[in-house]
Amino acid sequence: LAKTTQPISMDSYEGQEVNITCSHNNIATNDYITWYQQFPSQGPRFIIQGYKTKVTNEVASLFIPADRKSSTLSLPRVSLSDTAVYYCLVGEDPRGGSYIPTFGRGTSLIVHP
Amino acid sequence: DTGVSQDPRHKITKRGQNVTFRCDPISEHNRLYWYRQTLGQGPEFLTYFQNEAQLEKSRLLSDRFSAERPKGSFSTLEIQRTEQGDSAMYLCASRHTGENTGELFFGEGSRLTVL
C-alpha cells in the first residue's frame, strides 16, 4: 500500500486558489489517486480521482506529474464553506475486486474571511 | 435516492454494555464498508461486504466486534462489552462495483461515547 504524506494543516483566504500537495513516492503502476473532503460531523465526500496528467471537474483540479510520485489538488477561489479536511488516497485500480480506500490523517484547510 | 443513512447518530453508553449500529446503504449498492474515526485521525477501515458476504476484516476488528449484512441490504455493527477506547465515530459507506471510480458514499456516522 502506497504511503501518502500531506501537510497537516493549511490556511487560506476567501477567493484565493488553494493547492494541496500529496507525496506518494512508492506509488504502484496500478494505483489511482483519489481525494476526499470531510466536513465536521459528516462522512467524507469524493472530490476527484486521477491516474496521470490532469483531471478537472466542477469542484477541483488534480495535477499528477509524469513520475506520479506526487499529486496536487487545486481548489479555485475558495470560500468559507471549503473549510474542511482533505484526504489524499492512493490505492489499486478501484475497478479491482478488493478495492479498500485507505485514509491517512488528511490536511485540515481553514479558509479565513 | 436518500443516500446512506446511519442509526443512531449518537449513542452514549456505559463501559461493558453492548451497542449496535445500523447502516442502510444506497439501494443497489453491492459493497458496504464500515470505518471507525477518532478525533484528528482519518477513517480507519474495519470491514466490508459484497452483498451479504463479509469479504475482509481489519485487525482493528477485535472479537468484540461483529458485523452482518444478512440480506445484502442493510448492515449492523455490534460492539460487545464496550470499552472507553471504543469511543469514536463509526462510518458506513457503500458503492457499486460497476462504477469506475470506486467512489464511496458515506453516511453521516454514528458517534459512540463510552463512559
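Residues numbered from 1 in each chain as written. Chains lettered and ligands numbered in written order. Predicted model: local features only at pLDDT ≥ 70, side-chain atom pairs only at ≥ 80, totals over all residues. Heavy atoms only, no water.

1. Details of the interface of chain B and chain A
Interface size is commonly expressed as the accessible area that is lost once the parts come together. Worth spelling out the cut-off: The contact criterion used throughout is that any non-hydrogen atoms of two residues lie within 4.5 Å. Buried area is calculated as the accessible area (1.4 Å probe) missing from two parts once they are joined, with the contributions of both summed. Should a side-chain nitrogen of Lys or Arg be within 4 Å of a carboxyl oxygen of Asp or Glu, the pair is scored as a salt bridge. Counted as a polar contact is a pair of N or O atoms within 3.5 Å, where, for protein atoms, one must be capable of donating a hydrogen and the other of accepting one, and residues adjacent in sequence contribute only when both atoms are in side chains. For the purposes of this entry, the term helix denotes a DSSP run of H or I that reaches at least four residues, the term strand denotes a run of E that reaches at least two, and both are numbered from the N terminus.
Every contact between the two is made by 23 residues of chain B and, on the other side, 19 residues of chain A. For the pairing of chain B and chain A, the buried interface totals around 1,700 Å² over both sides, and the portion due to carbon and sulfur atoms is 50%. The largest contributions to the chain B side of the interface with chain A come from Pro43, Thr101 and Phe106 of chain B, which together make up 23% of the buried area. Here chain B is connected to chain A by 0 salt bridges. Inspection of the chain B/chain A interface yields 9 residue pairs in polar contact (both at pLDDT 80 or more). Secondary-structure elements contributing two or more residues to the side of chain B that touches chain A are strand E4 (31–37), strand E5 (44–50) and strand E9 (88–95) of chain B.

2. Quick look at unusual backbone geometry
Phi is mostly negative for residues that are not glycine, and the peptide bonds are mostly trans. All names here are of chain B. Formally: The buried label applies to any residue whose accessible area, calculated with a 1.4 Å probe on protein chains only, is under 20% of its type's maximum; exposed applies above 50%, and partly exposed to all values in between.
At the junction of Asp7 and Pro8, the peptide bond is cis and its omega measures out at -5° in the coordinates. Within the secondary structure, Pro8 sits in the loop between strand E1 (5–7) and strand E2 (10–13). The phi dihedral of Glu28 falls on the positive side, at around 75°, and the residue is not glycine. On the secondary structure map, Glu28 appears in the loop between strand E3 (19–24) and E4. The class of Glu28 is exposed, set by a relative accessible area of 72%.

3. Structural notes on the packing of aromatic side chains
The condition that has to hold: Side-chain rings of Phe, Tyr and Trp, where Trp is taken by its six-membered ring, are said to pair if the distance between their centres is within 6.5 Å; with planes under 30 degrees apart they count as stacked, over 60 as edge-to-face, and otherwise as tilted.
One pass over the structure, following the stated rule, counts 14 aromatic pairs over all chains. Note on Phe103 of chain A and Tyr35 of chain B: the rings are 5.7 Å apart at their centroids and 90° apart in plane angle, and the pair reads as edge-to-face. With Phe103 of chain A in the loop between strand E8 (84–91) and strand E9 (107–112) and Tyr35 of chain B in strand E4, this residue pair bridges two chains. Judged by relative accessible area, Tyr35 of chain B falls into the buried class, the value being 0%. Linked through ring pairs, Tyr36, Phe46, Tyr87 and Phe103 of chain A together with Tyr33, Tyr35, Phe45, Tyr48 and Phe106 of chain B together constitute an aromatic cluster.

4. Remarks on the side chain of Asp82 of chain A
Its place among the elements puts Asp82 of chain A in the loop between strand E7 (70–75) and E8. Once you skip the residues sitting within four places of it in the chain, Asp82 of chain A turns out to touch Gln37, Arg77, Leu109 and Val111 of chain A.

5. A closer look at the sheet that holds E8 of chain A
Residues and elements named next belong to chain A. Using the following cut-off: The rule for pairing is simple: two strands pair if DSSP sees at least two bridges between them. Between N-to-C directions, angles span 0 to 180 degrees; the directions come from axes that are lines fitted to C-alpha atoms, helices contributing only their stretch in contact.
Strands sit in the order E1-E9-E8-E3-E4 across an open sheet of 5 strands; the sheet is mixed. Of all strands in the sheet, those with a lone pairing partner are strand E1 (9–13) and strand E4 (45–50), marking the two edges. For this sheet, the mean angle separating the axes of adjacent strands, direction not counted, is 25°. Pairing analysis gives 5 bridges linking strand E3 (residues 32–38) to E4, with the strands arranged antiparallel.

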